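Listed below, chain by chain, are the residues.
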Amino acid sequence: MLKKRDFTDCYPLYELMTHPDVFPFVRQKVQSYEEYVFVTKTTLEEEDQGKLISRTITDEWDMPIGTISLFDIEDNAGFLGTWLGKPYHGKGYNSIAKEAFFNELFFDLGIETVYMRIRKTNLRSLHAAEKLPYAVQANESRRYIYDQLNEKEEIYDLYEISKDLYTLYLLRKDDEAGEQLLEA
């Protein structure tokens, strides 16, 4: 489902990223395949420097279908950026990728908080964020971050995923699975 970023995935990812339903919401916008390769090289270097964490999302056949990244890492916190190619929208890949990524971030890499800044016009992503049982809207609780994101005009909503809330979600999920097994 997730793998380290790799140059061999650049072409299929670039093709998926340039779809008009995807491109407006991609953080690292590029205008050519060559520019995408350069951005991928920069991403790999920044990951080596601890500035970000980035993975390729794959389907069941290990084919690249999108990316998920934690940008602007500071004080064990960062901003989530994720996108999927249009053919993979609405098929459950996003939630599976997020869980795998959060498990790695929180339990292997020492991240404590993940923020999501979502354009108020990106209804698909806002709806997806509202469905996450471990995400809370943080426009008020993290007002200083919200104000920084919307310095010039109000563009983004802010969501927060803490390691504690995510861990609680996993524990409850395990309890529910155990109860279902006992009932069977």
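Here the structure is a predicted model, which means the values were calculated and not measured.

A. Representation of the pattern of salt bridges. Summed over the entire model, instances satisfying the criterion amount to 12 salt bridges. Linking E140 and R143 is a salt bridge whose minimum nitrogen-to-oxygen distance equals 2.7 Å. For R143, the salt bridge goes to D147, with nearest N and O atoms at 3.2 Å. Placement of both R143 and D147 in helix α5 (residues 143-149) is noted, with a separation of 4 residues, approximately one turn of the helix. Among the residues examined, R143 registers a relative accessible area of 34% and is labelled partly exposed. Residue classification places D147 among the partly exposed positions, given a relative accessible area of 38%.

B. How the structure looks around the packing of helix α1 (residues 10-17) against helix α2 (residues 33-48). One way to put it is that α1 packs onto α2 with a least axis distance of 10 Å and a crossing angle of 115 degrees. Regarding α1 and α2, the two cross each other, and that crossing is right-handed. Along its contact with α1, which presents C10, Y11, L13, Y14 and M17, the element α2 presents Y33, Y36, V37 and T40. The residue makeup of the contact of α1 with α2, split by class, is 8 nonpolar, 1 polar and no charged.

C. Here's a closer look at the side chain of D59. Here D59 lies in the loop between β2 (53-58) and β3 (64-74). Notably, D59 is buried but unbridged: the nearest opposite-charge side chain belongs to K3, and the N-O separation is 9.1 Å. A polar side-chain atom of D59 sits 2.9 Å from the main-chain amide nitrogen of W61. A polar contact is formed between the side chain of D59 and the backbone nitrogen of M63, at a distance of 2.9 Å. Setting aside chain neighbours within four positions, we find D59 in contact with I65, Y88 and Y93.

D. Examining the nonpolar core more closely. Judged by nonpolar contacts, the single largest core of 39 residues is most densely connected at F102, V114, M116 and I161. The element that contributes the greatest number of residues to this core is helix α3 (residues 93-107), accounting for 6 residues. Look past the residues within four positions of I161 in its chain and what remains in contact with it is F102, F106, E112, T113, V114, M116, Y134, A135 and Y166. Counting residues in hydrophobic clusters, the runner-up holds 9 residues, among them Y115, A138, I145 and Y156.

E. How the structure looks around the pairing of strand β4 (residues 77-84). Within β4, 7 of the 8 residues are buried, which leaves it mostly tucked inside the rest of the structure. Note: β3 against β4, 7 bridges, orientation antiparallel. Looking at β4, one finds that T67 is bridged to W83. In this structure, the hairpin formed by β3 and β4 is closed by a connection of 2 residues, where D75 is found at a positive phi of approximately 55 degrees. Note that β4 and strand β5 (residues 113-119) share 3 bridges and pair parallel. Note that in β5 the partner of F79 across the bridge is Y115. In this region the chain leaves β4, passes through α3 and returns to the parallel neighbour β5; the handedness of that crossover is right-handed.

F. Expanded view of the sheet that holds strand β6 (residues 136-137). Taking strand neighbours across the sheet as the criterion, the 7 strands line up as β1-β2-β3-β4-β5-β7-β6 in an open arrangement whose pairing is mixed. Of all the strands in the sheet, the pair left with one neighbour each is β1 (2-4) and β6. With 3 bridges joining them, β1 and β2 adopt antiparallel strand pairing. Each residue of the ladder has a partner; that of L2, found in β2, is I57. Contacting β5 and β7 (156-162), helix α4 (residues 123-131) crosses the sheet at an angle of about 145 degrees to β5.

G. Examining the side chain of T67 more closely. Here T67 shows up in strand β3. There is a polar contact of 2.8 Å between the side chain of T67 and the side chain of W83. Leave out the neighbours within four places in its chain, and T67 touches R5, L13, Y36, R55, T56, I57, G81, T82 and W83.

Calculation rules
Residues numbered from 1 in each chain as written. Predicted model: local features only at pLDDT ≥ 70, side-chain atom pairs only at ≥ 80, totals over all residues. Heavy atoms only, no water. Salt bridge = Lys/Arg side-chain N within 4 Å of Asp/Glu carboxyl O. Helix = DSSP H or I, 4+ residues; strand = E, 2+ residues; numbered from the N terminus. Buried < 20%, exposed > 50% of the residue type's maximum accessible area, 1.4 Å probe, protein only. Axes fitted to C-alpha atoms, helices over the stretch in contact; angles between N-to-C directions. Left-handed = near helix turned anticlockwise from the far one by under 90°. Contact = heavy atoms within 4.5 Å. Nonpolar A, V, L, I, M, F, W, Y, C, P; charged D, E, K, R; others polar. Lys, Arg positive; Asp, Glu negative; His and termini not counted. Polar contact = N/O pair within 3.5 Å; in protein donor to acceptor, adjacent residues only side chain to side chain. Core = buried A, V, L, I, M, F, W, Y, C linked by side-chain atoms within 4.5 Å. Pairing = 2+ DSSP bridges. Right-handed = clockwise from strand over helix to strand, strands pointing away.

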